[in-house]
Structure formats: C-alpha cells, structure tokens
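A structural walkthrough
Here is how the chains run, residue by residue.
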Amino acid sequence: MNAAGPVDVHAHWLPEELFGLPPGAPYGPLRDRDGQLHLGEVPLSIATRAMSDVPAIRADMAEAGIAVRVLSAPPFAFPVAGPAPEYVDAFNDALGAVVADSAGALLGLGLVPLDDAASATTRLERLVSIPGIAGVAIPPLLGGESLDGGVLRHVLGECARLGLSVLVHPMQLPRPEWSGHYLANLIGNPVETATAVASLLLGGVLDALPGLRICFVHGGGCTPGLIGRWDHGWRTRPDVRRDSARPPGEAVRDLWFDTVTHDPGLLGLLTEHAGKDAIVCGSDYPFDMAQRDPVGFATSGGLDTATLGANARAFLGSQS
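Residues numbered from 1 in each chain as written. Predicted model: local features only at pLDDT ≥ 70, side-chain atom pairs only at ≥ 80, totals over all residues. Heavy atoms only, no water.

Moving on, we get to the sheet that holds strand 4 (residues 42-47). Pairing within the open sheet is antiparallel, and its 3 strands lie in the order 2-3-4. Of all the strands in the sheet, just strand 2 (30-33) and strand 4 have a single pairing partner and so form its edges. Neighbour to neighbour, the strand axes of the sheet diverge by 35° on average, direction disregarded. (Pairing = 2+ DSSP bridges. Helix = DSSP H or I, 4+ residues; strand = E, 2+ residues; numbered from the N terminus. Axes fitted to C-alpha atoms, helices over the stretch in contact; angles between N-to-C directions.)

What follows is the structure in structure tokens.
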C-alpha cells in the first residue's frame, strides 16, 4: 500500500461484463435502466456508473478524503448457488487488472468458489500471486452453516495458511417476516453478521487459526449489543463453551470490525468491546446504506486517522 492516509476497507465494485451474476444467483441479474442500477426488478438507488466505473470510484474517494480503497464484489455476486468457476476467475482477473492500474490507490478482495473445498483452495493459492489482492470476501452463512463448518470453515483455514485477509459481508437473505420496510437489510444483515461472529468465537475457530485476519462489516451487526449475553451463556452453559477456550468478550479482540454503524453510540460500544486496534474505516460504497462521510464519522467517534490506518494495514497484511 503506497498511499498514505485513510483506508476504506469496505467498498464494492463489479465490472459491467459480470452484471449477469453467477449461475443460479437468486436476485439477479443486474441491469442498467436509464443510468440507474436494478437488481432484477428492484431499483438499488445508485447510479450504474458508481458500481462499475473506476473513475467514479476514484472521484468519490477524493471527495471523501480516502487515500486507499479496498474493492470487493457486492454480496449478490457471491457464488452461493453452486459451481461458478468461470465467474470467479473472471472477477478475480478483472479486479487484479483494476488494482494494478491504480498506482496503489486501490486494493482488492477476490471471490472464491463456495461449492467445493478443493476448488476454493486452487483459487486462493492463485490469489496470493496477484499483486494488490489482499484476500477474499465471503458471506457469513452458506447452506445452513456458518464460519465454523463446511466450505466457509475450509476457506478460513486456507486463508490463515496463505496469509490472506477475509472480509465477511452479509447477503440480505429473505425471510417472510422481513419482506416489508427493507427489513431484510435493516434487521437481516446485522443478524447474519452476528451469527457468523458468534459461530467463529464459540466454534473455537480462532483457537485453531490464531493467525487468521478477519473483518466483519457494518460494525459486526448485532455483535456489540450481544457480547455480554454471549459471555454469560459461555460461563453458565457447558454446551456454549464446549468448543472454545476463551469467553467471546475476550476472543472478540482478535477480530476487526468496520465503522459502518450509522450510530456514534454503537460505534463507541463496539470500540469498548473490541478495542481501538480492532476498528477499521469502512464506507459500503456505493450503496444507499453507505456511510457517506466515512472518515468524518469515524473521527467524530473518537478514532484518529493514524490508528484507523494502522488497523487497516494490520488487517490487510502483506499487501499493505
């Protein structure tokens, strides 16, 4: 990472040639309608150009005072419905080219196949050799499992082995009771993320993978408000603490979380639980739920830019 200054670890990009999304994607495809981006028939309230156009991304960075932005695929591009090797390879190749052409202003988090452990390993080993690609972005849930089981757990183990960073981003999974008022996002996303954090902490994943660098977006979702409850359960119930050596309130300090909380009080609670060294600046660009002034929001919550930058570089590892 050559540029000095604030680092945004949570921003999205997808080239137009991949707007069709992976095979079986439940929401797609992405469509441009009069310059506005739609997911299937649903308007996303963002300009198409904002998702795919690198000059637009760089202009937003300049306006927001961001020196380095880490790009990852939007969550609806995660290959969760089955084999999608061509899509994964096409995204990673395109991302590598964009990063290489940015003079250090852009870094990337690639995609990984989620249907097969061996295929995931092959792609992760390839990502290590692409300059400027710091790791991967993955969903918090997959096929009824979270980060302590199945392919997601395999991906974490391989990322720890290879020195790759992991960003966990929710997918806004539909549920009947969340069908209105955008509740699949407003409630569903924080719940998905908190489920993954709890699975990681209580599943003993960090005990097994002490070198794992993993960050949860949206301030960890519900995590800051639930850590105390998880700690109580860990201390009082053998089934809760069966797989983990440390209470969640202690182990949580080995994770990273971004600042996209939309609530200074919640950001303060997150910082209290996780520690200042665990907080990284995020924007969620270009979505309508983005933090529009990511640096200003973070610093108004008592986090200085030097600490935020150091935290981002620690999370991103060798690519920083």
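That covers the picture; the talk isn't over yet.
Moving on: the layout of surface pockets. Size it by volume and the largest pocket reaches roughly 820 Å³. Taken together, 32 residues line the largest pocket, and the ones lying closest to its centre are Gln172, Tyr182, Ala184, Asn185 and Asn189. A total of 5 residues in the lining of the largest pocket trace back to one element, the largest contributor, which is helix 6 (residues 183-202). By residue class, the composition of the lining of the largest pocket is 19 nonpolar, 10 polar and 3 charged. (1 Å grid on protein atoms, 1.4 Å probe; cavity = no way out; pocket = protein on both sides within 12 Å on 5 of 7 lines; lining within 4 Å. Points joined across faces, edges and corners; volume = space filled by probe spheres on them. Nonpolar A, V, L, I, M, F, W, Y, C, P; charged D, E, K, R; others polar.)

The next subject is the packing of aromatic side chains. Tallied over the entire structure, the rule returns 4 aromatic pairs. The ring of tyrosine 285 has arginine 69 sitting right over it, with the charged end atom 4.6 Å from the ring centre. Of note, arginine 175 hangs over the ring of tryptophan 178, and the distance from its end group to the ring centre comes to 4.7 Å. (Phe/Tyr/Trp six-rings, centres within 6.5 Å; stacked < 30°, edge-to-face > 60°. Lys NZ or Arg CZ within 6 Å of the ring centre and 35° of its normal.)

What follows deals with the side chain of asparagine 185. Its location among the elements puts asparagine 185 in helix 6. Residues within four places of asparagine 185 in sequence aside, it is in contact with Gln172, Pro190 and Met289. (Contact = heavy atoms within 4.5 Å.)

None of the figures reported here should be taken as evidence of function without further support.
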